[in-house]
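# Structural overview for review
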Amino acid sequence: STITIGCLCGIASSAFQSIGLTLQRKAHILAQSEDQLFIDDLETQPTSKPSNHRKLWIYGLLLFLAANIFGSSVQISTLPLIILSPLQATGLVFNSICASIIINESFTKLSAYGTALVALGATLIASSVIPEPNHTLAVLIRLLHRPQFIIWFVLSLIIVAFLLFAAFWLEKNQNYIALSSSSVSIITGILYGAASSVLSAHALLFAKSAVEVLIRSVLDNDNQFRLLQAWLLPAAFLFLAVTQIYLLNMGLRYCSTSVLYPLVFGCYNLVVIVDGVIYYDQFQRLNWERLLLIISGASVLLVGVTMLSLRL
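Scoring rules and cut-offs
Residue numbers here run from 1 along each chain, matching the order of that chain's written sequence. Since the coordinates come from a predicted model, pLDDT governs what is reported: local features require at least 70, and pairs of side-chain atoms require 80 or more to be given and counted, while whole-chain, interface and lining totals use all residues. Where side-chain values are given, they derive from all heavy atoms of the structure, hydrogens and water being excluded. In this text, buried Ala, Val, Leu, Ile, Met, Phe, Trp, Tyr and Cys residues form a nonpolar core when linked through side-chain atoms within 4.5 Å. To sort residues, take the accessible area from a 1.4 Å probe on protein chains only and compare it with the maximum for the residue type: under 20% means buried, over 50% means exposed, and anything in between is partly exposed. Counting from the N terminus, the helices are the DSSP runs of H or I reaching at least four residues and the strands are the DSSP runs of E reaching at least two. UniProt positions are given in the numbering used here, feature names are shortened, and annotations may be inferred rather than shown by experiment. What goes into a patch is any residue over 30% in relative accessible area without a salt bridge, connected to like charges within 9 Å or, for nonpolar side chains (Val, Leu, Ile, Met, Phe, Trp, Tyr), within 5 Å. Accessible surface is estimated by sampling points in the Shrake-Rupley manner with a 1.4 Å probe; for residues, cover comes only from the protein chains shown. Just to be clear on terms, a salt bridge is a Lys or Arg side-chain nitrogen sitting within 4 Å of an Asp or Glu carboxyl oxygen. The span expected for a helix works out to 1.5 Å for each residue beyond the first. Definition of a polar contact: a pair of N or O atoms within 3.5 Å, with one able to donate and the other able to accept a hydrogen when the atoms are protein atoms, and with sequence-neighbouring residues admitted only if both atoms are side-chain atoms. By definition, residues are in contact when any of their heavy atoms lie within 4.5 Å.

## Details of the nonpolar core
Among the nonpolar cores identified, the biggest contains 36 residues, and Leu140, Phe149, Leu191, Tyr192, Val213, Leu233 and Tyr279 are the most heavily contacted of them. Within the residue set of this core, elements represented by two or more residues are helix H6 (137-144), helix H7 (147-173), helix H8 (181-219), helix H9 (228-254) and helix H10 (257-279). Residue contributions to this core peak at 13 residues, all from H8.

Right under this line is the structure:
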């Protein structure tokens, strides 16, 4: 019964999350179309509201947040990873359906093939996750201070900074690039989405660490949140979570959810794997079978996202 509840909650959460993202994308499209109407007709007074001031965008954001917070909490507490990993891929199906119904994007054979490949790739990547027991605050602090994790974390932030710089440069110089405006928009959205997925994976790592401290505090009857270091974990999670939601919305301004959602989903799973391996020092447990799953999943995922991009 617990697994049944978790699966039903996971499916409902994926559906509402896809609807929320698509509603936000719809608000961005409406704002852009009104801006273009004003540009084409100089006699028209500007009446366009920013997309984040529209009720449609606000409803979409609230729906997305509710699906993530409540849905993820129930799924993590009720489902084993072998069920949770492929279940999350159902969001890709709902995303394609919502894009076709809400923003009238055509659902072609490339849509079906691309969605199926992304779902397969993400499932292969997620299946290689190595489970870890709960740790005390002292152990977590020691893991955070390991040189390997610090180097990886700083390197990932440099990658995020590079992605954001590239997206900003494309925004400012799109008129001088030998590509169509739609292609530049898709690339810009993908850059923002990739940056968002990296921060989202890091946010999950800090959230999991904060939950571990809470569990140990309750089970051991030893309140570890009396120490400042314990509060830094949820603080880091909140900062990264808010930042990644902002970057995801920047991506939605330029790119369709049918491309952005699969990309973010796949990159997120890939960075979660790397975070877990480095943070928990799992190199000795990373066998060839898991490496093959990661490489195969990433390759299939890349092909799927490419097919979805070519469709537009």
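Structure's up, so let's keep going.
## What to know about the UniProt feature "transmembrane region" (unreviewed entry) in the protein
In the numbering used here, UniProt assigns the feature "transmembrane region" (unreviewed entry) to residues 56-76, 82-103, 110-130, 150-170, 182-207, 227-247, 259-279 and 291-310. Between the first and last C-alpha atoms of residues 150-170 the distance is 30 Å; the span itself is 100% helix and 0% strand.

## Some remarks on a nonpolar patch on the surface
Taken together, Ile150, Val154, Leu155, Ile158 and Ile159 make up a surface patch of nonpolar side chains, about 420 Å² in accessible area. Mapped onto the fold, Ile159 is located in helix H7. Judged by its relative accessible area of 40%, Ile159 falls in the partly exposed class.

## Thoughts on H10
Here H10 spans 31 Å end to end across 23 residues, near enough to the 33 Å set by a 1.5 Å rise per residue. In terms of burial, H10 is a largely internal element, 19 of the 23 residues being buried. Of the residues flanking the end of H10, it is Asp281, one or two places downstream, whose phi is positive at about 55 degrees.

## Here's the deal with the side chain of Ser209
Looking at where Ser209 falls in the secondary structure, it is placed in helix H8. There is a polar contact of 3.0 Å between the side chain of Ser209 and the backbone oxygen of Leu205. Excluding residues that lie within four positions of it along the chain, Ser209 makes contacts with Leu140, Leu233 and Tyr279.

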